[in-house]
Amino acid sequence: MDKRIIYGFTELQIVVPDNGIIGLHADNLVIHNVLVDGEPARFQMYPHYDELQDKNRQCFVSSASFAAQAAGSVYISTLEYECVPNLLVMCSRNEKSSSEEKGQKQYENELQPLNESKQNVKLVHIDYSVETAETGIHFENNVLHTDNQLRRSGCWFPCMDDSTQRCCYDMEFTVASNLVAISTGNLLFKVLSNDDPPRTTYVYRLNVPVTASWISLAVASFAIFADHDNLSHFCMPCNLPKLQNTVEFFHSAFSHYEEYLKTSFPLGSYTQVFIPTEMAISSMSLGASMTIFSSHLLFDDKVIDQVIETRIKLAYALARQWFGVYITAESSNDEWLLDGLAWFLTNSFVKKFLGHNEARYRRYKENYAVCKVDDSGATILSSSAAYQNLHGTQCIGLYGKIRSWKSVAVLKMLEKQMGPESFRKILQTIVLPSPETNHSLRTLSTNEFRHFAKKFGNLDRSFLKDFFNSWVGCCGCPELRMGYSYRKRNIMIKLATLRGCTAPPESRESNIEWPGMMSIRVHDIDGMYYDHPILPMYGDTLELFEIKCHSTKNSLKSVGYDDGGVALPGLHKGSDVVSQFFWLRADPEMEYLAEIHFYQPVQMWLNQLSKDKDVVAEAQAIAVLETLPLSFSVVNALSIFLNDSEAFWRVRIEAAVALANTTIKDTDLAGLIHLIEFYKSRRFDAYIRLPKPNDFSDFAEHFVLEAIPNAIAMVRAADKKSPPEAVKFILKLLKYNDNTGNPFSDVFWIAALVQSMGELEFGKQNIFLLPSVLKRIDHIIQLDRFNPSHNAILTTSCIRTLTQVAMKLSQYINILE
């Protein structure tokens, strides 16, 4: 470890091609010796990067566009070079006597299947060393770890680093006796040598065939937390208390997946390794039966703000073991399916352990984001052209998230069409071990999954063809704009629908037809609601539909009027039609991935916000009310909802943000007053008019209150700047923050206050408060320097806020001076 050198050998049983040359990937490796069936063999090494470096020296750019083209050219060249094996081993057939050859053939026929009896299988032994660990494997501070980035396995052991080559592995790692070597598969045993100083050899075996990219290794003086027989967690000794607190839920998630899929974990045991944050290449590096995480995901029992996101990340990594490692994509066009299935399994964990509201709200926000961004080839889930032209970049960054969200949305739509039990049966069939091998050797393709949907879901062939063609093979989502009129005489709703697509015409095919029938839900005044599946997803650009009302009662309130008979603003303002219903909703169960614009009177949106207890309905109502002209009824409804402790906390936060945005449109600061009054009612002492000591015992209430300062900072006065009252209030919260007697950490709370100051806009009316803001930020940085916060979150927040303030004020600074 101190010299950062690895000595090793690898043995591979390889079917030799007709030309007698075996190609392997071996980057940054020093090859000392190669044996084929025990005999020395000739070999040649062709470093991938020497030629690329020579080419890079010839790159001269004169503008940003040329720089981008040069970088793209180097990236594509690197991918092309890395695909080609660079260690060539010459295998020549040994001449044998006829009797030896006859005996050898008889022996091979006894061991091999009939179709493999004539294959030329050789045992290749390679002695090598890693003397300069640049990529794929990393040394730092007596810690070693690998990463699973594209084609990086060949950087620490010779292999066929190809997605089509899968095999089982026997692994032995010899390290100093004070170190622990953690790798994929099951730990069979460890042996302590008689060397001076002594060394320990860890022996692992992975009985499930996987590609070389899923082989991982981590070596350090790890502390272990043994969860259950087949679950282990490792971290640096200083983080052991955090580790135990972080993974206390994990066995429940592990058992839930096994129960849902009705089979045991396919890779034997599962290990989670947490390495120091400064070493981690990414927050998560997947391997077969193990995942390497950054330790910034760990938290102790005093931290509550990180719980949800960390649990979801760990649950997703476990789901990827099933769909992605154990079951792999047949081709690059099928990778969306494995990612979607892993997120589908993760969402089942979210629903069961984090709550139905959390799961629905997340899905609503994800679908909304997909509809806004799904407009180009980068978001087509299965496209050979996209993979060839974008070279994998569509799977990282924003587009990577959008593709993941779209993948799981497509699978959720299929689940709605066939029913949850039928869809569950498909997943159970996919992971079902083969009776011949006791484990699955197969890949999964989009066409095969489509066949399962027809077989187990009883879905029509034509429906599936249109479904996969529209949602998987193309970009864009349906865009539906709906409004209605009510006919009192025949108690009928006439619904007008204008169809469109979120993607421009040049980005998608003209003959795409979205299959299915969307429901319109009518909430009658008798308290009942009725779903009417009348709206085809595909049809004429403009269509009219009729919906029969069920209620025979009349509402006491006319549509478009408030309690005093004053006309409310909205599309139906001035309507004198007596309503038979409270409000309407399109696609209430989110059966389709579609951008829906529904037009109804303001009062109906207010009814939906106050009476419909579905978190999606509440969020939709707030989103619409936020965009409407300001009125007392809207501000009052948002304030009432914010104060409702029974409402879901994430939607209450949206109401707070909406209140801030309504203030931007007006000059009387009504929204700011409501926000400050709400906060004071929860956290201020009525007698001394100062904040009480922190009390985070009610987590939902804490998260809402934590978001209020940011909402207050978003308020703008008539001059488009932050009102002085808003700046003073946030400064007061920071000045009098008191965590005495609170069992939970307040670092995330302080960080939220600091980040809210980054949202402030300074002008003539409040610029005198800027020195106080900067002084308070500097004070927090100095405190964090002497007593570091969790993951240095306070210093990070301060730097981010100072950057935001500097960028906003830079326009007033004369650079020439």
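Below is a summary of the structure that appears in this document. (Residues numbered from 1 in each chain as written. Predicted model: local features only at pLDDT ≥ 70, side-chain atom pairs only at ≥ 80, totals over all residues. Heavy atoms only, no water.)

## Let's talk about the sheet that holds strand β22 (residues 478–487)
- In spatial order, the strands read β26-β23-β22-β28; together these 4 strands make up an open sheet with mixed pairing. What marks the edges here is a single partner per strand, and that holds for β26 (542–548) and β28 (595–598). Across this sheet, the average inter-strand angle for adjacent strands is 25 degrees, counted without regard to direction.
- For strand β23 (residues 492–501) and β26, the ladder comprises 7 bridges, and the chain directions are antiparallel. By the bridge assignment for β26, Ala-496 is matched with Leu-544. (Pairing = 2+ DSSP bridges. Helix = DSSP H or I, 4+ residues; strand = E, 2+ residues; numbered from the N terminus. Axes fitted to C-alpha atoms, helices over the stretch in contact; angles between N-to-C directions.)

## Notes on empty space enclosed by the protein
- Under the defined criterion, the tally for this structure stands at 5 cavities of 30 Å³ or more.
- In this structure, the largest cavity occupies an estimated 50 Å³ of space.
- For the largest cavity, the full set of lining residues is Tyr-679, Arg-683, Pro-691, Lys-692, Asn-694, Leu-733, Tyr-736, Asn-737, Asp-738 and Trp-749.
- The residue inventory of the lining of the largest cavity, partitioned by class, reads 5 nonpolar, 2 polar and 3 charged. (1 Å grid on protein atoms, 1.4 Å probe; cavity = no way out; pocket = protein on both sides within 12 Å on 5 of 7 lines; lining within 4 Å. Points joined across faces, edges and corners; volume = space filled by probe spheres on them. Nonpolar A, V, L, I, M, F, W, Y, C, P; charged D, E, K, R; others polar.)

## Looking at the packing of aromatic side chains
- Under the defined criterion, the tally for this structure stands at 30 aromatic pairs.
- Centre to centre, the rings of Phe-452 and Phe-456 are 6.0 Å apart; their planes meet at 40 degrees, and the pair counts as tilted. Linking Phe-452 with Phe-456, this pair stays in helix α12 (residues 446–457), spanning 4 residues, or about one helical turn. In this pair, the class of Phe-452 matches that of Phe-456, namely buried.
- Taking NZ or CZ as reference, Lys-365 lies 5.9 Å from the ring centre of Tyr-368, over its face.
- Positioned above the aromatic ring of Phe-582 is the side chain of Lys-611, whose terminal nitrogen or guanidinium carbon lies 5.2 Å from the ring centre. (Phe/Tyr/Trp six-rings, centres within 6.5 Å; stacked < 30°, edge-to-face > 60°. Buried < 20%, exposed > 50% of the residue type's maximum accessible area, 1.4 Å probe, protein only. Lys NZ or Arg CZ within 6 Å of the ring centre and 35° of its normal.)

## Side note on the side chain of Ser-269
- Residue placement: Ser-269 occurs in the loop between α5 (250–261) and β17 (270–275).
- At a separation of 2.9 Å, a polar atom in the side chain of Ser-269 contacts the side chain of Asn-186. (Polar contact = N/O pair within 3.5 Å; in protein donor to acceptor, adjacent residues only side chain to side chain.)

## Things to note about the environment of Cys-549
- Mapped onto the secondary structure, Cys-549 falls in the loop between β26 and β27 (581–586).
- For Cys-549 and Gln-580, which are 31 residues apart along the polypeptide, the C-alpha to C-alpha distance reads 7.2 Å.
- Those residues in contact with Cys-549 that sit more than four places away from it in its chain are Tyr-486, Ile-491, Ile-493, Gln-580 and Phe-581. (Contact = heavy atoms within 4.5 Å.)

## Some details on unusual backbone geometry
- Note the cis peptide between Asp-196 and Pro-197, where omega equals 0 degrees.
- Phi at Asn-791 takes a positive value of approximately 55 degrees, unusual for a residue other than glycine.
- Its location among the elements puts Asn-791 in the loop between α22 (770–786) and α23 (793–809).
- For Ala-792, which is not glycine, the phi dihedral falls at a positive 55 degrees.

## Quick notes on helix α18 (residues 670–683)
- Given a rise of 1.5 Å per residue, 14 residues ought to cover 20 Å, and the 20 Å separating the end C-alpha atoms of α18 matches this to within 8%.
- Every buried residue of α18 is listed here: Gly-671, Leu-672, Leu-675, Ile-676, Phe-678, Tyr-679 and Arg-683. Buried residues of α18 fall within an arc of 155 degrees about the axis and therefore sit on the same side. (Expected span 1.5 Å × (residues − 1). Arc of directions from axis to C-beta.)

## A few points about the pattern of salt bridges
- Counted by the stated rule, this structure contains 26 salt bridges.
- A salt bridge links Glu-309 to Arg-362; its shortest N-O distance comes to 2.5 Å. In this pair, Glu-309 is assigned in helix α6 (residues 307–322) and Arg-362 in helix α8 (residues 356–373), connecting sequence segments 53 residues apart.
- One salt bridge connects Arg-360 with Glu-589, and the closest N-O pair in it is separated by 3.9 Å. A residue pair is termed long-range when its members are at least 10 positions apart, and Arg-360 in helix α8 and Glu-589 in the loop between β27 and β28 qualify at 229 residues. (Salt bridge = Lys/Arg side-chain N within 4 Å of Asp/Glu carboxyl O.)

## Points about the pairing of strand β12 (residues 186–192)
- With 6 bridges connecting them, β12 and strand β13 (residues 199–210) associate as antiparallel partners. Paired with Asn-186 across the strands is Arg-205, a residue of β13.
- Where β12 folds back onto β13 in an antiparallel hairpin, the turn is made up of 6 residues.

## Considering the packing of α22 against α23
- As a packed pair, α22 and α23 sit with axes 9 Å apart at the nearest point and diverge in direction by 155 degrees. The orientation of α22 with respect to α23, classified from their angle, is roughly antiparallel. Here the hand of the crossing between α22 and α23 comes out left-handed. Judged by residue contacts, Leu-770, Leu-774, Ile-777, Ile-780, Ile-781 and Asp-784 of α22 engage Leu-794, Thr-795, Cys-798, Thr-801, Leu-802, Val-805 and Leu-809 from α23.
- The residue makeup of the contact of α22 with α23, split by class, is 10 nonpolar, 2 polar and 1 charged. (Parallel < 35°, antiparallel > 145°, perpendicular 65-115°, else oblique. Left-handed = near helix turned anticlockwise from the far one by under 90°.)

## Focus: a nonpolar patch on the surface
- Among the surface-exposed residues, Leu-188, Phe-189 and Val-191 lie close enough to one another that they form a single nonpolar patch of about 270 Å² accessible area.
- Counting through the fold element by element, Phe-189 comes out in strand β12.
- Taking relative accessible area as the criterion, Phe-189 reaches 44% and is therefore assigned partly exposed. (Patch = residues over 30% accessible without salt bridge, like charges linked within 9 Å, V, L, I, M, F, W, Y side chains within 5 Å. Areas by Shrake-Rupley, 256 points an atom, 1.4 Å probe, with all protein chains shown as cover.)

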